[in-house]
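Examining the three-dimensional arrangement
What follows is each chain in one-letter form.
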Amino acid sequence: MSISHGSELRAFHAAARVGSMSGGARHLGLTQPTVSAHVATLESTYGVELFFRRGRRVELTEFGRSLLETTHRLVDAEVEALSLLLHARNSGSGHLRICAVGPYNVTPMLSELRREHPGVRISMSVGDSQQILESIASYQSDVGVLVHPVADPRIFCLPYRKQPLVFFAAASHPLARRAKLTMADLAGHSFVMREQGSTTRRVLEQCLAQEGVQVRIDLEIGSREAVREAVAQGLGIGVVSDAAYLVDPRTVKLPIRCDQLFTHAHVVCLRERRDVRMIAQFFAIVLALRSRNKFK
């Protein structure tokens, strides 16, 4: 069985350094009997003699001198460890790992984090919602940014902002020249869709079903960038969040309004890690951004 004797070794080291049990006790803020008992525990447990007792003074035995060389390294390592911890607390350094469904919501957060805590190293990965939650649950990521609420009781989930979705098409598309459109005008047209499981696709399909509109899904693609390029090449109509729509002379937004067509960005972490310093700092920044921009 492994037995820890940290307190006993510190008592031995202090007494050896000053040459008395009482002096070692004063150095550690303990009583003399406590220090003597710690040293006696080491001696009885391992069958060794550490000191020769000469009245109130103590003198190291040959084995005691050997042990003191080792406890010097032990105490130095403890001081170094505490110094490292204090530096981390006071300097704002550390490593924050973030996983997001895309760059559009998270990059303003990262910019603010870098401004307020320049010592923090940031790693960011991109994945779908399921990958983000798996990464959070397995401690591979510290925080995640996705576009739907999470009901898992293990996950702390903070609403960030509501994001309208927009339709867009190639500039040559027949609907691109229309000044006014309704959901019904989309009937029968070809769409470029994200893969099954995409929150954007789920919201769009719900909205189309509510309006009784049927469209053709001729192409499924696994990334926003690929959807954008496919739409620009005339392969169908696309849907992205308004924040993710990039102005491109090859495409135009379609003037269609649907109040139900939106997603809601959320920031998540493991509930048990909500108060970890860097994670708490990140959520404080998210709350400040949400308040500043009146995100609901």
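Residues numbered from 1 in each chain as written. Predicted model: local features only at pLDDT ≥ 70, side-chain atom pairs only at ≥ 80, totals over all residues. Heavy atoms only, no water.

**Quick look at the overall build of the protein chain**
Within the protein chain one finds nine helices and 11 strands. Here the C-alpha atoms of the protein chain give a radius of gyration of 32 Å, more than 25% beyond the 19 Å that 2.2 N^0.38 yields for 296 residues. Overall, the C-alpha framework of the protein chain stretches about 105 × 40 × 30 Å when taken along its three principal axes. Within the protein chain, the proportion of its 296 residues that are buried is 43%. Long-range contacts, defined as pairs at least 24 residues apart, comprise 74% of the intrachain contacts of the protein chain with a sequence gap of at least 6. Element-wise, carbon and sulfur atoms account for 53% of the exposed surface of the protein chain, whose accessible area totals about 16,300 Å². Between the averaged position of the 37 positive side-chain charges in the protein chain and that of its 28 negative side-chain charges there is a distance of 7 Å. (Helix = DSSP H or I, 4+ residues; strand = E, 2+ residues; numbered from the N terminus. Rg over C-alpha atoms; globule rule 2.2 N^0.38 Å. Buried < 20%, exposed > 50% of the residue type's maximum accessible area, 1.4 Å probe, protein only. Contact = heavy atoms within 4.5 Å. Areas by Shrake-Rupley, 256 points an atom, 1.4 Å probe, with all protein chains shown as cover. Lys, Arg positive; Asp, Glu negative; His and termini not counted. Charge placed at Lys NZ, Arg CZ, Asp CG, Glu CD.)

**What about the state of the cysteines?**
Applying the stated criterion across every chain, the model contains one disulfide. Note on cysteine connectivity: Cys207 is disulfide-linked to Cys258, with sulfurs 2.4 Å apart. Across the S-S bond linking Cys207 and Cys258, the dihedral sits near 100°, which makes this disulfide right-handed. On the criterion of sequence distance, the pair formed by Cys207 in helix α7 (residues 199-211) and Cys258 in the loop between β10 (251-253) and β11 (262-270) is long-range, its members being 51 residues apart. With respect to burial, Cys207 and Cys258 carry one shared label: buried. This cysteine, Cys99, is not joined by any disulfide, and Cys269 carries the nearest cysteine sulfur, 14 Å off. Note on Cys99: relative accessible area 4%, which makes it buried. (Disulfide = S-S within 2.5 Å.)

**A look at the nonpolar core**
When a protein is soluble and globular, its nonpolar side chains tend to lie buried together. With 22 residues, the main nonpolar core has Leu96, Met109, Val267 and Phe282 as its most contacted residues. Those elements that provide at least two residues to this core are β3 (94-100), α5 (103-116), β5 (143-146), β6 (155-170), β11 and α9 (277-292). In contact with Phe282, not counting residues within four places along its chain, are Leu96, Ile98, Met109, Leu110, Leu113, Val143 and Val267. (Core = buried A, V, L, I, M, F, W, Y, C linked by side-chain atoms within 4.5 Å.)

**Describing the packing of aromatic side chains**
According to the stated counting rule, one finds four aromatic pairs in the structure shown. Measuring from centroid to centroid gives 5.4 Å for Phe12 and Phe51, while their planes differ by 45°, and the two rings are tilted. Taken as a pair, Phe12 in helix α1 (residues 6-18) and Phe51 in strand β1 (residues 51-54) lie far apart in primary sequence, 39 residues in all. The interplanar angle of 70° and the centroid separation of 5.5 Å between the aromatic rings of Phe168 and Tyr245 together place this pair among those described as edge-to-face. Residue Phe168 is located in strand β6, and its partner Tyr245 is located in the loop between β9 (238-241) and β10; the two are separated by 77 residues in the primary sequence. Here the guanidinium or amino end of Lys162 rests over the ring plane of Phe262, the centre of that ring lying 4.2 Å away. (Phe/Tyr/Trp six-rings, centres within 6.5 Å; stacked < 30°, edge-to-face > 60°. Lys NZ or Arg CZ within 6 Å of the ring centre and 35° of its normal.)

**Here's the deal with helix α6 (residues 129-137)**
For α6, the full list of buried residues reads Ser129, Ile132, Leu133, Ser135 and Ile136. Projected onto a plane normal to the axis of α6, the buried residues spread over an arc of 160° and lie on a single side. Those residues of α6 hidden inside the fold are in contact with β3, β5, β6, α7 and β11. For α6, the side-chain oxygen to backbone nitrogen distance between the N-cap and Gln130 is 3.2 Å, and the N-cap itself is Asp128. Just past α6, the residue Tyr139 takes up positive phi, approximately 65°. (Arc of directions from axis to C-beta. Polar contact = N/O pair within 3.5 Å; in protein donor to acceptor, adjacent residues only side chain to side chain.)

**Brief notes about the side chain of Thr251**
Relative to the assigned elements, Thr251 resides in strand β10. Among the residues examined, Thr251 registers a relative accessible area of 6% and is labelled buried. Sequence-distant contacts of Thr251, that is, excluding residues within four places in its chain, are made with Phe168, Ala169, Ala170, Ala171, Val231, Ala232, Tyr245 and Leu246.

**Description of the pattern of salt bridges**
Scanning all chains against the criterion turns up 18 salt bridges. When the shortest N-O distance is used, the salt bridge between Arg273 and Asp142 registers 3.0 Å. Linking Arg273 in the loop between β11 and α9 with Asp142 in the loop between α6 and β5, this pair joins segments that are 131 residues apart in sequence. With a shortest N-O distance of 3.0 Å, Glu229 and Arg250 are connected by a salt bridge. Remark: Arg250 occurs in the loop between β9 and β10 and Glu229 occurs in helix α8 (residues 224-232); sequence separation between them is 21 residues. (Salt bridge = Lys/Arg side-chain N within 4 Å of Asp/Glu carboxyl O.)

**A word on the packing of α1 against helix α2 (residues 21-28)**
Close contact between α1 and α2 brings their axes to 7 Å; oriented N to C, the two are set at 120°. Taken together, the axes of α1 and α2 lie oblique to each other. Both α1 and α2 take part in a crossing whose hand is right-handed. On α2, the residues touching Arg10, Ala11, Ala14, Ala15 and Val18 of α1 are Met21, Gly23, Gly24, His27 and Leu28. For the contact of α1 with α2, a count of residues per class yields six nonpolar, three polar and one charged. (Axes fitted to C-alpha atoms, helices over the stretch in contact; angles between N-to-C directions. Parallel < 35°, antiparallel > 145°, perpendicular 65-115°, else oblique. Left-handed = near helix turned anticlockwise from the far one by under 90°. Nonpolar A, V, L, I, M, F, W, Y, C, P; charged D, E, K, R; others polar.)

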